[in-house]
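Coordinate analysis (summary)
As a plain string of letters, each chain reads:
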Amino acid sequence: MLRFDDLQLFVRAADLGSLSAAARVMDMSAAVASAALKRIEQQLGARLLARSTRSLRLTAEGEGFLEYARVALSQLDEGRRYLSSAQDQVCGILQLSAPSDFGRNLLLPWLDEFQREHPKLTVRLLLGDRIADLFRQPVDIALRYGEPEDSSLVALPIAPDNRRVLCASPAYLARHGEPRQLEQLTQHNCLLYMLGSRVHDRWSFHDGKREIGLTVSGDRFSDDADVVRLWAVAGAGIAYKSWLDVGADVLAGRLKVLLPQLQCERAPLNLLCAHRAQLSKPVNLLREMLASRCAELSSQFPHFPKVDH
């Protein structure tokens, strides 16, 4: 494959009529320039410049190839200018993956607003609660709760202080009573979902002194966490969900936070990507917007006690 700098050297030498002058302009030694010219001639299988100790001229093959070289360099420069311009604009295609619940109920309206502000941007959104394979799936970034299991991924915080909350609907509590102690959860129907590749039936809490883990059970579970939220709102049982997912329901009175004196487990929301090169201007602007919106929602939850571990 022909090298960009070798093509540049050939065109400069042809324009200046001197290989040494071209080398000086390109800030390289005469030996390096001579090697570059030899390399391009060997790759093309043709002699491009006829050289003597005092002069340099294009061969017939060199004259024919020169215009192709100029066009190639011009197109490469145009491509570089396009990429440089694209980096300063919010345009192109943004491919992202997000959890089902967060994606449907919070991210969708936020993305609508983001695209209204940046109409040249196209969004491709994949929703699901399983971990996205950023090296195989057609996504640039993924939003996921918890710390990434793959340490090679770049993880940027969106909502680092987010936690799960214990909640149920007023209708469910009217029928079954409100648990006043953690151990009473074993007497209730707990709504379960998949977390990674397993059912999340081990719920963790902190009472200010110690970590408490409790294995719960219920009559249903789903691999779609949004289904669990809908079950909870419908009065089917008690859910243990991210505040970001149920905050709107709690504020609207559809769900009630239970045992608010306990601190539930962390559920930080992170933006994941395979390489920092994927942090384009659209991605960074979206990250800033999401972090701001998540902070606004978190500030409306009064029950996050400060616990010193």
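Just so we're clear, the structure is a prediction, and the values are computed from it rather than from any experiment.

A look at the sheet that holds strand β8 (residues 192-195)
An order of β9-β8-β12 is seen for the three strands of this open sheet, with the pairing classed as mixed. Each edge of the open sheet carries a strand with a single partner, namely β9 (198-199) and β12 (221-222). With two bridges connecting them, β8 and β12 associate as parallel partners. The residue bridging Tyr 193 from the neighbouring strand is Ser 222, located in β12.

Quick notes on the nonpolar core
Grouped together as the largest cluster of nonpolar side chains are 46 residues, with contacts concentrated most on Phe 102, Leu 143, Leu 244, Leu 269 and Leu 286. In this structure, Leu 286 is in contact with Leu 94, Leu 96, Leu 111, Phe 114 and Ile 141, ignoring residues within four places of it in sequence. Counting 21 residues, the second largest nonpolar core, distinct from the first, contains Ala 13, Leu 19, Ala 22 and Leu 49.

Quick look at the pairing of strand β3 (residues 92-98)
The buried fraction of β3 is high, at five of seven residues. In this sheet, strand β4 (residues 121-127) lies alongside β3 in parallel orientation, the contact comprising seven bridges. Paired with Ile 93 across the bridge in β4 is Thr 122. Here β3 runs beside strand β5 (residues 141-145); their pairing, made up of two bridges, is parallel. Note that in β5 the partner of Leu 96 across the bridge is Ile 141.

Details of helix α9 (residues 281-298)
Structurally, the α-helix is built with 3.6 residues per turn, so residues lying three or four positions apart point the same way. Taking 1.5 Å as the rise per residue, α9 with 18 residues should run 26 Å; its terminal C-alpha atoms sit 26 Å apart, in good agreement. Buried within α9 are the following residues: Pro 282, Val 283, Leu 286, Met 289, Leu 290, Cys 294 and Leu 297. With its buried residues spanning 130 degrees around the axis, α9 presents them on a single face.

Side note on the packing of helix α5 (residues 100-117) against helix α7 (residues 225-233)
Taken N-terminus to C-terminus, the directions of α5 and α7 make an angle of 70 degrees; their axes are 6 Å apart at the nearest point. By the angle class used here, α5 and α7 are roughly perpendicular. Residues Ser 100, Asp 101, Arg 104 and Asn 105 of α5 form the contact with α7, whose participating residues are Ala 225, Asp 226 and Arg 229. Within the contact of α5 with α7, the residues separate by chemical class into one nonpolar, two polar and four charged.

Observations concerning the environment of Asp 245
For Asp 245, the position within the fold is in helix α8 (residues 243-251). The exposure class assigned to Asp 245 is buried, which follows from its relative accessible area of 9%. The spatial distance from the C-alpha of Asp 245 to the C-alpha of Ala 225 is 9.1 Å, given a sequence separation of 20 residues. Ignoring sequence-local partners within four residues, the contact set of Asp 245 consists of Asp 101, Phe 102, Tyr 145 and Arg 229.

Observations regarding the sheet that holds strand β10 (residues 202-206)
Two modes of strand pairing occur in sheets, parallel and antiparallel, and in both the strands are linked by backbone hydrogen bonds. The three strands lie next to each other as β11-β10-β15, forming an open sheet whose pairing is antiparallel. Of all strands in the sheet, those bounded by a partner on one side alone are β11 (211-215) and β15 (263-264). One ladder, built from five bridges, connects β10 with β11; its direction is antiparallel. When the sheet's bridge partners are listed, His 206 is paired in β11 with Glu 211.

What about the packing of aromatic side chains?
Two numbers describe a pair of aromatic rings. These are the distance of the centres and the angle of the planes. This structure, assessed with the given rule, holds five aromatic pairs. A ring pair is formed by Phe 10 and Phe 65, whose centres lie 5.8 Å apart and whose planes are at 40 degrees; its orientation type is tilted. Highlighted residues: Phe 10 in helix α1 (residues 4-16) and Phe 65 in helix α4 (residues 60-87), separated in sequence by 55 residues. The class for Phe 10 is buried, based on a relative accessible area of 1%. Taking relative accessible area as the criterion, Phe 65 reaches 17% and is therefore assigned buried. Each ring, one from Trp 203 and one from Tyr 240, has its centre 5.0 Å from the other, and the planes form 25 degrees; the classification is stacked. Here Tyr 240 lies in strand β13 (residues 239-242) and Trp 203 lies in strand β10, a separation of 37 residues in the sequence. Counting every residue linked through ring pairs, the aromatic cluster contains Phe 102, Trp 110 and Tyr 145. Above the plane of the ring of Trp 231 lies Arg 220, whose end atom (NZ or CZ) is 5.3 Å from the centre.

Points about the packing of α5 against α9
Where α5 meets α9, the axes come as close as 11 Å, and the angle between the chain directions of the two elements is 125 degrees. As far as their axial angle goes, α9 and α5 are oblique. The two elements α5 and α9 cross, and the hand of that crossing is right-handed. For the pair α5 and α9, contact is made by Phe 102, Leu 106, Leu 107, Trp 110, Leu 111, Glu 113 and Phe 114 and by Pro 282, Leu 285, Leu 286, Met 289, Leu 290, Arg 293, Cys 294 and Leu 297, respectively. Tallied by class, the residues present in the contact of α5 with α9 amount to 13 nonpolar, no polar and two charged.

Rules behind the numbers
- Residues numbered from 1 in each chain as written.
- Predicted model: local features only at pLDDT ≥ 70, side-chain atom pairs only at ≥ 80, totals over all residues.
- Heavy atoms only, no water.
- Pairing = 2+ DSSP bridges.
- Helix = DSSP H or I, 4+ residues; strand = E, 2+ residues; numbered from the N terminus.
- Core = buried A, V, L, I, M, F, W, Y, C linked by side-chain atoms within 4.5 Å.
- Buried < 20%, exposed > 50% of the residue type's maximum accessible area, 1.4 Å probe, protein only.
- Contact = heavy atoms within 4.5 Å.
- Expected span 1.5 Å × (residues − 1).
- Arc of directions from axis to C-beta.
- Axes fitted to C-alpha atoms, helices over the stretch in contact; angles between N-to-C directions.
- Parallel < 35°, antiparallel > 145°, perpendicular 65-115°, else oblique.
- Nonpolar A, V, L, I, M, F, W, Y, C, P; charged D, E, K, R; others polar.
- Phe/Tyr/Trp six-rings, centres within 6.5 Å; stacked < 30°, edge-to-face > 60°.
- Lys NZ or Arg CZ within 6 Å of the ring centre and 35° of its normal.
- Left-handed = near helix turned anticlockwise from the far one by under 90°.

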